Each structure stands twice: as C-alpha cells, then as structure tokens.
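Chain by chain, the residues run as shown.
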Amino acid sequence: MNSRVLVVDDEKLIVKGIKFSLEQEGWEVDVAYDGEEALNLVKNGHYDVMILDVMLPKYDGLQVCQIVREFSNIPIVMLTAKGEDMDKIMGLEYGADDYVTKPFNILELKARIKAILRRAVQGEKEQNKKLLEVGSLRLELSSKRVFLNNHEINLTAKEFDMLELFATHPGKVYSRDQLLDTIWGRDYPGDVRTVDVHVRRLREKIEPNPGQPEYIHTKWGVGYYFKD
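For every chain, the first residue of the written sequence is number 1, and numbering continues from 1 onward in sequence order. A pLDDT threshold of at least 70 governs which residues receive local features in this predicted model, and a stricter bar of 80 or more applies before side-chain atom pairs are shown or counted, although totals over entire chains, interfaces and linings include all residues. The side-chain quantities take in all heavy atoms of the structure and omit both hydrogens and water.

The name recorded for the protein in an unreviewed UniProt entry is Stage 0 sporulation protein A homolog, from Holtiella tumoricola. UniProt positions are given in the numbering used here, feature names are shortened, and annotations may be inferred rather than shown by experiment. Under the heading Function (unreviewed entry), UniProt records this for the protein: "May play the central regulatory role in sporulation. It may be an element of the effector pathway responsible for the activation of sporulation genes in response to nutritional stress. Spo0A may act in concert with spo0H (a sigma factor) to control the expression of some genes that are critical to the sporulation process."

Laid out in structure tokens, this is it:
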C-alpha cells in the first residue's frame, strides 16, 4: 500500500515542487495552504507523514503541530526558515519528529521522509512482536496481560510465563521436567506435580471447556503443547 503524505505550506510553488517529487516515489500526496485546512485534513483522513511549514496563515505550523499531537501520532517534519533555531527547538518541543531548513534540497527531504517511514514500519513490527493473538485469546507480552474474548483474565506470574512459553512455541511438546526447569528453575525444590496443577489452573482460566481444551493439549506419556 502506497504511503500517504500531507504537505502543508502557503507557498504554492514550493508545494507544487514537493508534490511532484514525492509522487515520483509512488506516494499519494495531499496538500493544504493554511493551518486550518491542514487540521481538517488530518482529522478526517489517514496520513503516514506530514510535511509542515512553520509560517502559515490562520494557524501557524507550531500551533498545528501542538493541536495534532492532541489526537494523532502522525510523524511530522517541520519546514523552518534558514537560521531560525528557535523554530526548530519549538517544533521539536511541540511534537515534531524532524525538521528541514529552507531552502532545502528535495533529495534531503525525501531521505528524511523515507527514514521516518522505515522507523514507523519497524515500530509496527516491534509492537506486533509484543502482541500475540490466537483465536479468542490475546496476550500482551510487554504488560503481561491476557484477554479472552476481550475480557481480561487474571493470571499469576507463573501461569503467564507458562502460557507465554506455550503460545510462542505452538506445536512444541514440553515434558513436565522441561517445564519445571524452564518456568521454575533447576533449583526449584518441588516436583512435576507443580506443573500439572498450574496447567489445570491455566486451563480453568483460559479454556471455554477445560475438559476439552482448545489451546493447551496433553500428549499422553510425553507432556503438554499449545495448539494454535
């Protein structure tokens, strides 16, 4: 899917040049010539990045940036006048992600946009790694929270660790001894019955019918595994 860029500047020749150059990259480009128009577009559409000039009619770029940050995390690249260090500082304080000084090289601007888009994609990938969904079950790995049909399930730390291990290795059969060593540690004084108790409690919490589990299955004589 092509990236969508919003270009905001009251100098129409600059906007025309930026729009033409970005479209050569295959990006979809919308334009606005004042702060009010820019805010309306951001509120009513989805953009992957916003190019925002500081000097604008109605609302200036710093005001636009500040207002946008109240409802959106869209990456913002500020366009600032040459030598106006305060504009750069204020833009970053108000939530801009980067800035380019006028007059600028369009290749530099495109390089900044590409870098932001790469970071956004990488951030999305990292976020996806922290979220695991299987059927009606959702694990938020970073916050150690579990939801079943969008209702949070309260698990103990060991129950969560066991479920995370199972869910991140679907199909892999773990013996009771392996689970005891991995979850509790080799020095744990208990025995494998601890594993059986935790599996039973886990099933009671996450399985619609613990007697006929959908997620945590038993491989008789071997151990337990997770079926996605």
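Alright, that's what it looks like, and here's the rest.
(A) Looking closely at helix α7 (residues 176–184). For α7, the full list of buried residues reads L179, L180, I183 and W184. One side of α7 carries all its buried residues, which in axial view fall inside an arc of 100°. Strands here are runs of E lasting at least two residues and helices are runs of H or I lasting at least four, both read from the DSSP assignment and numbered beginning at the N terminus. Where α7 ends, the next residue or the one after it, G185, has phi of about 95°, a positive value. Burial here depends on accessible area, computed with a 1.4 Å probe over protein chains only, as a share of the maximum for the residue type. Under 20% is buried, over 50% is exposed, and the range in between is partly exposed. It is the directions from the helix axis to the C-beta atoms whose arc is reported.

(B) Examining the side chain of S21 more closely. One can find S21 in helix α1 (residues 12–23). Under the relative-accessibility criterion, S21 is labelled buried at 10%. Contacts of S21, omitting those with residues within four sequence positions, involve I106 and K110. Should any heavy atoms of two residues lie within 4.5 Å, those residues are considered in contact.

(C) Looking closely at the packing of aromatic side chains. Aromatic pairs are defined between Phe, Tyr and Trp rings, using the six-membered ring for Trp, whenever the two ring centres lie within 6.5 Å; interplanar angles under 30 degrees are classed as stacked, those over 60 as edge-to-face, and all others as tilted. This model, assessed by the stated rule, comprises two aromatic pairs. Judged by centre distance (6.1 Å) and plane angle (70°), the ring pair of F166 and Y174 falls under edge-to-face. Assessed through its relative accessible area of 0%, F166 is described here as buried. Seen from their ring centres, Y215 and F226 are 5.9 Å apart, and the 15° between their planes marks the pair as stacked. Of the two residues, Y215 is situated in the loop between α8 (193–206) and β10 (216–219) and F226 in strand β11 (residues 223–226); the sequence distance between them amounts to 11 residues.

(D) Spotlight on the pattern of salt bridges. By definition here, a salt bridge exists when the distance from a side-chain nitrogen of Lys or Arg to a carboxyl oxygen of Asp or Glu is within 4 Å. Evaluation of the coordinates by the stated rule reveals 20 salt bridges. A salt bridge links E23 to K19, with the shortest nitrogen-to-oxygen separation between them at 2.6 Å. With E23 and K19 both in helix α1, this residue pair falls four residues apart, about one helical turn. Judged by its relative accessible area of 27%, K19 falls in the partly exposed class. Where E159 meets K205, a salt bridge forms, and the shortest distance between an N and an O atom there is 2.8 Å. Pair noted here: E159 is in helix α6 (residues 157–167) and K205 is in helix α8, with a separation of 46 residues, a long-range link.

(E) Structural context of the side chain of H217. The residue H217 is located in strand β10 in this model. By relative accessible area, H217 is classed as buried at 17%. For the purposes of these results, a polar contact is taken to be a pair of N or O atoms within 3.5 Å, where, inside protein, one atom must be able to donate a hydrogen and its partner to accept one; residues adjacent in sequence count only when each atom of the pair is a side-chain atom. In this structure the side chain of H217 is engaged in a polar contact, spanning 3.4 Å, whose partner is the backbone oxygen of P213. Here H217 is in contact with R203, G223, Y224, Y225 and K227, once residues within four sequence places are set aside.

(F) Inspection of helix α2 (residues 35–44) at higher detail. For α2, the full list of buried residues reads G35, A38, L39 and V42. For α2, the buried positions fall inside an angular range of 100° around the axis, keeping them on one side. Packed against the buried residues of α2 are β1 (4–8), β2 (28–32), β3 (49–53) and α3 (61–68). Between the side-chain oxygen of the N-cap and the backbone nitrogen of E36 there are 3.0 Å, and the N-cap of α2 in question is D34.

(G) Up close: the sheet that holds strand β5 (residues 98–101). Criterion used throughout: strands pair if DSSP finds at least two bridges between them. With parallel pairing, five strands are arranged side by side in an open sheet as β2-β1-β3-β4-β5. Two strands close off the open sheet at either side, each with one partner strand: β2 and β5. Taken pair by pair, the neighbouring strands of this sheet meet at an average axis angle of 20°, ignoring direction. The sheet contact formed by strand β4 (residues 76–80) and β5 spans four bridges and is parallel. Residue pairing across strands places M78 opposite Y99, the latter belonging to β5. Axis lines are fitted to C-alpha atoms, over the contacting stretch for helices. Their N-to-C directions set the angle, which ranges from 0 to 180 degrees. Taken strand by strand, α1 contacts β1, β2 and β4, and its axis lies near 170° from that of β2. Strand contacts of α2: β1, β2 and β3, with the helix running at about 140° to β2, the strand carrying the most contacts.

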